[in-house]
Structures are given as structure tokens and as C-alpha cells.
Amino acid sequence: MAHKSILQKPPLEAQTSPQFLAGFRPHGFLLGDGQLRQSSIPAISGCSYVPLPPRYCNFLSRGAQSLTISISSRSPASQVVLGGMDCSKRSAGAVASLPEDPLVEILSRVPFKSICRFKCVSKAWRDLIADPLHRKKLPQTLEGFLLYEDSEDCGSKDRPRLCVHFVDVLGRSVRPLDPCFSFLAELPGNENIMLLHYCNDIFLFARPCNSDTSVSYIVCNPATEQWVAVPSSGRTGSLLLAGCTFTYLIFDPATDSSFHLVQFWMERNDSSVHTYSSKTRVWSHKKCDWLGHGYYCIAPNSPDGYVKGMLHLILYGLGGKDQLVSVDVEGNIQKNIPPPARARTGCWLFSDYVGKSQGRLHYIYHEHKFDTGIKERWRKELLIWVLQDYDTQQWVLKDTVRFSKLFGENEHIKESDYNVVAIHPDHNLVYLIKHWNQKLISYDMDSKQVRDVTDVCTLGHGYGCIIPYVPYFSDLSSLENKQ
Amino acid sequence: MEVDKGKGEAEETRKVAEADRDTVTLKSSDGKLFEVSKEAAARLSTVLAGMIAGGSIDDNGTDLKQIGSEALENVVDYCNKHANSIPSAALISSSISFNTAPFKEPEEWERKFVDRLSHDALFDLVEAANFLGMERLLDVTCHKISEMMKGKSPDQIREVFNIKNDYTKEELEEIRQELAWAFYDD
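The name that an unreviewed UniProt entry assigns to chain B is SKP1-like protein, with the source organism given as Digitaria exilis. The Function (unreviewed entry) comment attached to chain B in UniProt states, word for word, "Involved in ubiquitination and subsequent proteasomal degradation of target proteins. Together with CUL1, RBX1 and a F-box protein, it forms a SCF E3 ubiquitin ligase complex. The functional specificity of this complex depends on the type of F-box protein. In the SCF complex, it serves as an adapter that links the F-box protein to CUL1."

An unreviewed UniProt entry annotates chain A as F-box domain-containing protein originating from Digitaria exilis.

If you want it as C-alpha cells, here you go:
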């Protein structure tokens with residue numbers, strides 16, 4: 001057998017660290033008073049978004065074939081399915097039954113949990129809601145988190161490399177998906193696939209070659225089990241995972257079913273950007289003049305800040321403020337968005353997360369301030385901002401929560417002790433992982449409640465990264481189950 | 001808006017007049033005639049736009065056998081009100097690129113328009129809007145009904161939609177248990 005690819009067995013340190021999947025933060029940075037601060041924040045991919053399925057799916061074809069479709073939706077069959085009684089026999093005070101199309105249209109505006117409750121209304125409603133055709137149109141929500149293991153025995157015969165647990169945040173007993181991605185991992189050549197990134201519920205895997213150091217990719221929709229192979233960008237396995245490569249998947253269901261990959265190769269003086277489009281199916285390569293100049297590094301914790309057709313990345317600044325930039329599918333910076341900040345002095349600011357919730361970009365950071373109170377100590381707070389108006393770059397402070405509230409009266413919490421994992425796509429909920437006891441917690445901005453979601457350690461193994469899961473049920477023509 | 005069309009009208013005269021007319025006549029399932037501006041009909045209804053473009057508009061009143069007179073009256077009323085309201089950017093964008101534009105909240109007049117309707121009339125209007133391919137009206141009416149559904153229990157939904165519970169006691173118990181998580185508050 002040929003020599004083992006480094007991807008198959010990364011150095012122990014890298015294996016056990018969540019950083020190896022999502023890049024790392026090479027230096028400290030600072031804000032406020034000008035001192036450099038060392039930090040090595042374990043990076044966990046985290047975030048999510050959940051697009052409402054395109055509400056107009058059922059309208060798309062209507063323009064062209066309006067008459068036929070409208071009439072067919074009125075067929076007696078669909079009328080019977082939904083109505084408890086025949087329209088013509090409607091008694092005074094009784095209300096109409098509705099044809100299937102409008103009812104799905106109405107349900108598409110109702111929150112996910114309500115829709116699930118409405119399965120109890122009648123068998124017809126249960127079937128309507130469960131119908132895969134309608135599922136595409138009905139809202140989906142954060143169903144849980146995929147926890148990727150990074151343990152030693154992963155990759156052995158009995159344990160596939162891709163060891164994943166699913167933590168259901170809805171409290172259901174039935175798993176909504178196969179967390180081991182057997183449909184992918186069991187295919188020849190896919191034994192060592194690993195998750196690199198996700199965007200709008202579509203996942204990007206790296207697929208290390210078994211015979212040399214090259215790496216190709218797989219883009220896949222776990223909800224429909226559709227996938228497509230993407231050729232190598234030319235980056236070898238060791239460099240792909242070494243923290244100097246940042247790979248992003250860009251997919252926007254509101255635009256079309258195509259996807260893009262943007263990969264940054266960070267070198268000291270010669271950074272480059274490599275882009276792939278599912279339309280052209282080729283990689284293009286060019287120099288990247290902004291990476292490595294002024295801003296040293298892309299932060300790993302901006303996994304799904306995909307808003308307004310742009311990828312949003314936090315750039316760690318050296319000796320200055322962090323920056324938020326919007327990057328297009330060609331890898332060019334389109335906009336420099338000044339991150340929000342309170343007008344305060346003597347505060348350290350640390351970027352935690354950028355992601356999308358309720359259609360808007362959110363930015364989470366924490367502040368350290370030396371509190372000269374009764375007991376001198378650092379006061380640490382998590383600040384959650386929302387970009388209320390994208391065009392005018394108007395940030396609004398949505399909530400502030402003290403570390404003591406989040407983590408208890410542990411004053412020694414460092415930024416390396418926790419990670420913001422995700423912000424709920426539909427609610428004012430932030431998910432965090434506490435590294436010291438491996439607990440996934442949620443913080444509700446409305447009720448100010450902190451809740452334990454799960455004990456990760458009870459799953460028996462460490463985690464490599466934590467991915468929020470929202471199913472996306474539409475078929476995508478760009479994913480055609482092709483090698 | 002109901003119009004009384006004189007039967008004695010000469011065929012020729014009417015045909016000439018029809019070609020230049022800027023309104024179309026629609027006939028409800030119960031035979032009542034309504035007149036609506038051709039421009040508004042074509043702009044707000046993909047089905048009527050197709051019929052106007054395809055020349056399949058009947059001078060005597062285009063038969064809309066699926067739509068009762070009360071619903072059709074509301075459709076025509078909506079078209080007229082829409083024509084009279086200042087078209088906002090929101091409405092323009094939602095009618096032009098409806099496949100990508102996010103749903104725009106109903107405007108004040110649209111809210112009032114659906115609020116005054118009885119449940120029956122509202123449901124009939126949804127059906128009419130669906131049949132005629134009136135995206136915006138469908139948006140506004142569906143939005144209204146979805147608001148009515150919010151926070152309602154399955155029992156209350158059955159009442160609003162007049163649906164018979166066809167689960168047996170055991171079946172209902174089973175599905176309730178399966179969906180227990182959906183009954184907890186967030």
C-alpha cells in the first residue's frame with residue numbers, strides 16, 4: 001500500500017484539536033489599548049442558516065402554465081384531501097376547505113413547530129405536511145447539531161473516519177438523517193472524507209486520495225442525499241489542513257441551484273485565491289492581493305455568513321481592529337463593513353462569530369473590561385449585534401450578556417474556553433460550547449435564559465467540530481450523484 | 001361594479017367597442033357580470049393576462065365557473081383598490097420578480113381589505129386568487145390566514161377550517177406522543 005496520506009492521519013495534536021478542520025488563529029490581536037494578546041481559540045465551524053424554502057416554488061411554473069396548474073390544483077382529489085367537508089355543502093357558519101396549493105402556501109408562513117403540531121389536525125393534514133413535495137415549500141428550522149469526532153479509533157474498520165453524532169434540539173427520538181453519511185462514506189474512495197464547510201444547509205467534504213496527497217471534494221445535501229464530486233484545486237492534503245488554507249462553499253437557494261467554492265491559499269508573500277463554479281466545472285486561480293497584507297488571517301469562525309449574495313468573513317487585524325469583509329464568488333472583497341463597537345475605551349474586543357439569523361447578518365464578540373469595583377477583576381461580556389440595514393451598514397446592539405451569566409461565576413474563563421457555535425436561524429438563540437466540560441448550551445436573548453442542550457462528553461468521544469443542521473429538501477440540479 | 005349589459009346591443013357595434021375597450025368583463029359561476037380594468041387584470045392576474053394576450057376573453061363576459069359572485073366581487077374590488085393605491089416599490093418588485101423577492105408585508109389598505117372579510121369570504125378569495133394566478137392577492141390572503149393560525153391548537157384549527165378529526169383515539173394518542181416535542185414551548 002502506498003504511503004499514508006497525511007489526511008488519513010493528521011498529527012495527533014491536529015487530530016485532537018478542532019482547529020484542524022476549520023483553520024486556526026495564529027496570533028493574538030487586540031483592540032483598544034494597543035497590546036498584543038496571545039490567543040489560540042479552538043475553532044469550531046458553527047453557524048447556520050435556514051432559508052425558508054423558496055416560497056414561490058409553486059408559483060415558478062405558474063406564470064407559464066398558469067391556467068393548467070391553477071385548474072389542476074382545483075381538482076376534486078385535492079379538495080377532498082384537505083377539506084373536512086364538501087364546499088358545496090358548506091353550512092352557515094362553517095368555513096371553507098381549501099385546495100392543496102393555497103393551504104401549503106398558508107402553512108409555509110406558519111412557524112415550523114406549529115406545522116408539526118398541525119399534523120394532529122387530521123390524517124389529510126398529516127399526509128399533506130409530510131408529503132416530500134410540500135416539505136420543500138414548508139419552513140424548516142434548526143433540528144440539531146452534527147458533532148464530528150476526532151478520536152483515534154475513527155477510521156478503523158469498525159468506525160468509519162466520519163464519526164458523527166446527531167444532537168436533536170427539538171427533543172425528538174427519531175433521527176432526521178443518517179449522521180454518518182453512509183450514502184457517501186460507503187462509496188469507494190470516500191473512506192476518509194471529512195467535513196470542510198457548509199452553506200445554507202449544503203455541506204462540503206474534502207476527499208483525500210488514497211494513493212497520493214491530492215484532495216478532491218464532494219458537495220452534498222444531507223437531506224436529499226444528493227451529491228456531486230468536485231476535482232482537486234491543486235492544494236495537497238497537508239496544506240489543506242495546515243491552517244493556511246481556507247475553503248468556503250457558497251450556495252444560495254434563492255438564486256439558483258449552482259454552487260461555488262472559494263479557496264484561499266495563504267502564503268507569506270504570495271497569497272492566492274482559487275475558485276470553482278458548478279456551472280463551468282473548472283477551477284480558476286489568481287493572486288489574492290488583500291490576504292496577508294494588513295490583515296493577517298481569515299477567522300475560522302465565520303462559517304456561514306452568507307448574506308446578500310456575499311460571503312462574510314472576519315479578518316483578524318494585526319495591531320488594529322478586526323474587519324468584516326464581504327467577498328464575492330470570485331474571491332474579491334466587495335465591501336468593507338466596519339464591525340460594530342460600543343464607544344468605550346479600555347476594552348478588549350474579541351470576535352467570536354459572524355453568521356445569519358432571521359435573514360440578517362449577526363456579529364458576536366466579547367469585551368473584556370477591567371472592573372475596578374469592590375473586587376477588582378475583568379468583567380467579560382458577550383455582545384450580539386445585528387446588521388439592521390445592510391446598505392447603510394447600521395449595526396444594532398441586540399443583546400449583552402455577562403460571562404458570569406453564561407458560564408457561572410468562573411472568572412477565569414478565557415476565549416479559548418468556549419466557542420459560539422451557532423445562532424438560531426429563526427430565533428434569538430445563541431449556541432455555545434464550553435470546552436472545559438464539553439457542554440453545549442443555549443442562550444435565549446428574549447427570556448435571558450441559559451440552558452444546557454447536551455453533554456457532549458456523554459457521547460463518549462471528543463468532537464472535531466459542531467455543525468448546525470437544517471434540512472433543505474429541494475432537489476438541486478447541480479448535485480447529480482456523479483463522481 | 002356589477003354591470004347590466006343590454007341584450008339588444010348590436011353584435012357589430014359591440015365587437016368594435018370591445019377591441020378598444022380598456023376593461024374586461026368577467027362572469028361568476030352564478031352568472032353575474034363584473035367589469036375590471038384590462039390593465040389591472042393583466043398586471044395582477046397571470047391567468048387573465050394570458051387570456052387577454054391570447055384573445056380568449058369573451059365579450060359577453062368571460063366565464064369563471066370556479067368563482068362565485070361574492071369572491072369575484074372581492075377580486076374586482078381588490079383590482080380597483082390596487083389600481084388606485086400608489087404603487088409602492090414593494091409592490092412593484094413583488095409583482096415583477098415574484099420568484100426571488102421576499103414576501104412584502106401587506107400594506108395598510110390590503111390589511112383592511114382582508115380584515116373586513118368573513119372567514120368564508122376570505123377562504124373563497126384565496127381560492128379565487130389561486131385560480132386566477134393573482135400572486136399578490138394570494139400573498140395577502142394567505143398571510144391573513146396564517147396569522148389566524150398562529151398559536152392555535154389542533155382543536156382550534158379543526159374548528160377554523162371546519163375539519164373533521166378522522167383519527168381514532170388511539171391513533172391520536174400515538175401521534176401526540178410522537179410529536180410531544182412540538183407541544184413544548186420554545
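Once the structure has been displayed, the description carries forward.
### Quick look at the overall build of chain B
When its secondary structure is counted, chain B shows 11 helices and three strands. Put simply, chain B runs from its N terminus to its C terminus through helices and strands in the order α-β-β-α-α-β-α-α-α-α-α-α-α-α. Counting contacts in chain B only where the partners sit at least 6 residues apart, residues at least 24 apart contribute 63% of the total. Accessible surface for chain B amounts to roughly 9400 Å². Of this, 50% is attributable to carbon and sulfur atoms.

### Quick word on helix α6 (residues 100–107) of chain A
The buried count for α6 of chain A comes to seven of eight residues, which makes it a mostly enclosed element. Within α6 of chain A, the full set of buried residues consists of Asp101, Pro102, Leu103, Val104, Glu105, Ile106 and Leu107 of chain A.

### Structural notes on the packing of aromatic side chains
Residues and elements named next belong to chain A. With the rule as written, the count across this model stands at 23 aromatic pairs over all chains. With 5.2 Å between their ring centres and 90 degrees between their planes, phenylalanine 403 and phenylalanine 407 make a pair best called edge-to-face. With phenylalanine 403 and phenylalanine 407 both in helix α12 (residues 403–407) and four residues apart, the pair spans about one turn of that helix. An aromatic cluster of at least three residues, connected via ring pairs, comprises Phe181, Phe183, Tyr198, Phe203 and Phe205. The lysine or arginine in question, arginine 135, covers the ring of phenylalanine 473, its NZ or CZ lying 3.8 Å from the ring centre.

### Observations regarding the nonpolar core
With 57 residues, the main nonpolar core has Leu107 and Trp125 of chain A together with Met149 and Phe161 of chain B as its most contacted residues. Of the residues forming this core, the biggest block, nine residues, is contributed by helix α7 (residues 119–132) of chain B. Contacts of methionine 149 of chain B, omitting those with residues within four sequence positions, involve Ile106, Leu107, Val110, Phe118 and Trp125 of chain A together with Ile157 and Phe161 of chain B. By size, the runner-up hydrophobic cluster in this structure holds 41 residues, among which are Phe246, Tyr248, Leu261 and Val262 of chain A.

### Focus: the sheet that holds strand β2 (residues 164–168) of chain A
Residue and element names in this part refer to chain A. A sheet is described by the order of its strands in space; here three strands give the open sequence β2-β1-β24, paired in antiparallel fashion. Looking at which strands have only one partner, the edges of the open sheet turn out to be β2 and β24 (465–469). Adjacent strand axes in the sheet meet at a mean angle of 25 degrees when their direction is disregarded. Bridge count between strand β1 (residues 144–148) and β2: five bridges; the pairing is antiparallel. Each residue of the ladder has a partner; that of glycine 144, found in β2, is aspartate 168.

### Some points on helix α6 (residues 108–115) of chain B
Residues and elements named next belong to chain B. Among the residues making up α6, those that are buried are Trp109, Glu110, Phe113 and Val114. Along α6, the residues classed as buried sweep out an arc of 130 degrees about the axis, all on the same side. Those residues of α6 that are exposed and aimed more than 90 degrees away from the buried face are Glu108 and Lys112.

### Considerations on the domain arrangement of chain B
Residues and elements named next belong to chain B. Splitting chain B by domain gives domain 1 (11–150) and domain 2 (152–186). Residue-level contacts link six residues of domain 1 with four residues of domain 2. In total, domain 1 and domain 2 occlude about 450 Å² of area from one another, counting both sides; carbon and sulfur atoms represent 68% of this. Ranking the residues of domain 1 by area buried against domain 2 places Phe123, Met148 and Met149 at the top, with a combined share of 75%. Where domain 1 meets domain 2, there are zero salt bridges. Those elements that place two or more of their residues in the side of domain 1 that touches domain 2 are α7 and α8 (135–149). Looking at the side of domain 1 that touches domain 2 element by element, the count peaks at three residues for α8.

### A closer look at the sheet that holds strand β5 (residues 215–221) of chain A
Residues and elements named next belong to chain A. Spatial strand order, β3-β4-β5-β6: four strands in an open sheet with antiparallel pairing. The open sheet terminates on both sides in strands that have one partner only, identified here as β3 (194–199) and β6 (226–230). Across the sheet, the mean angle separating the axes of adjacent strands is 25 degrees when strand polarity is ignored.

### Comments concerning the side chain of serine 45 of chain B
Residue and element names in this part refer to chain B. Structurally, the position occupied by serine 45 is in the loop between α2 (38–44) and α3 (46–53). The class of serine 45 is buried, set by a relative accessible area of 1%. A distance of 2.6 Å separates a polar side-chain atom of serine 45 from the backbone oxygen of leucine 132. For serine 45, the residues in contact, after removing those within four places along its chain, are Ala40, Leu132, Gly133 and Met134.

### Some remarks on the UniProt feature "domain: SKP1 component POZ" (unreviewed entry) in chain B
Listed under "domain: SKP1 component POZ" (unreviewed entry) in the UniProt record, and renumbered for this structure, are residues 23–84 of chain B. Counting secondary structure, residues 23–84 of chain B comes out at 50% helix and 19% strand; the distance between its end C-alpha atoms is 15 Å.

### Observations regarding the pattern of salt bridges
Residue and element names in this part refer to chain B. The tally for this structure, following the rule as stated, stands at 19 salt bridges over all chains. With a shortest N-O distance of 2.5 Å, aspartate 155 and arginine 158 are connected by a salt bridge. On the criterion of helical spacing, the pair formed by aspartate 155 and arginine 158 is a turn pair, its members being three residues apart in helix α9 (residues 154–161). Under the relative-accessibility criterion, aspartate 155 is labelled exposed at 53%.

Here is what the cut-offs are and how they apply
Residues numbered from 1 in each chain as written. Chains lettered and ligands numbered in written order. Predicted model: local features only at pLDDT ≥ 70, side-chain atom pairs only at ≥ 80, totals over all residues. Heavy atoms only, no water. UniProt positions renumbered as here; feature names shortened; annotations may be inferred. Helix = DSSP H or I, 4+ residues; strand = E, 2+ residues; numbered from the N terminus. Contact = heavy atoms within 4.5 Å. Areas by Shrake-Rupley, 256 points an atom, 1.4 Å probe, with all protein chains shown as cover. Buried < 20%, exposed > 50% of the residue type's maximum accessible area, 1.4 Å probe, protein only. Phe/Tyr/Trp six-rings, centres within 6.5 Å; stacked < 30°, edge-to-face > 60°. Lys NZ or Arg CZ within 6 Å of the ring centre and 35° of its normal. Core = buried A, V, L, I, M, F, W, Y, C linked by side-chain atoms within 4.5 Å. Pairing = 2+ DSSP bridges. Axes fitted to C-alpha atoms, helices over the stretch in contact; angles between N-to-C directions. Arc of directions from axis to C-beta. Domains from an automatic or database assignment. Buried area = accessible area lost by both parts, 1.4 Å probe. Salt bridge = Lys/Arg side-chain N within 4 Å of Asp/Glu carboxyl O. Polar contact = N/O pair within 3.5 Å; in protein donor to acceptor, adjacent residues only side chain to side chain.

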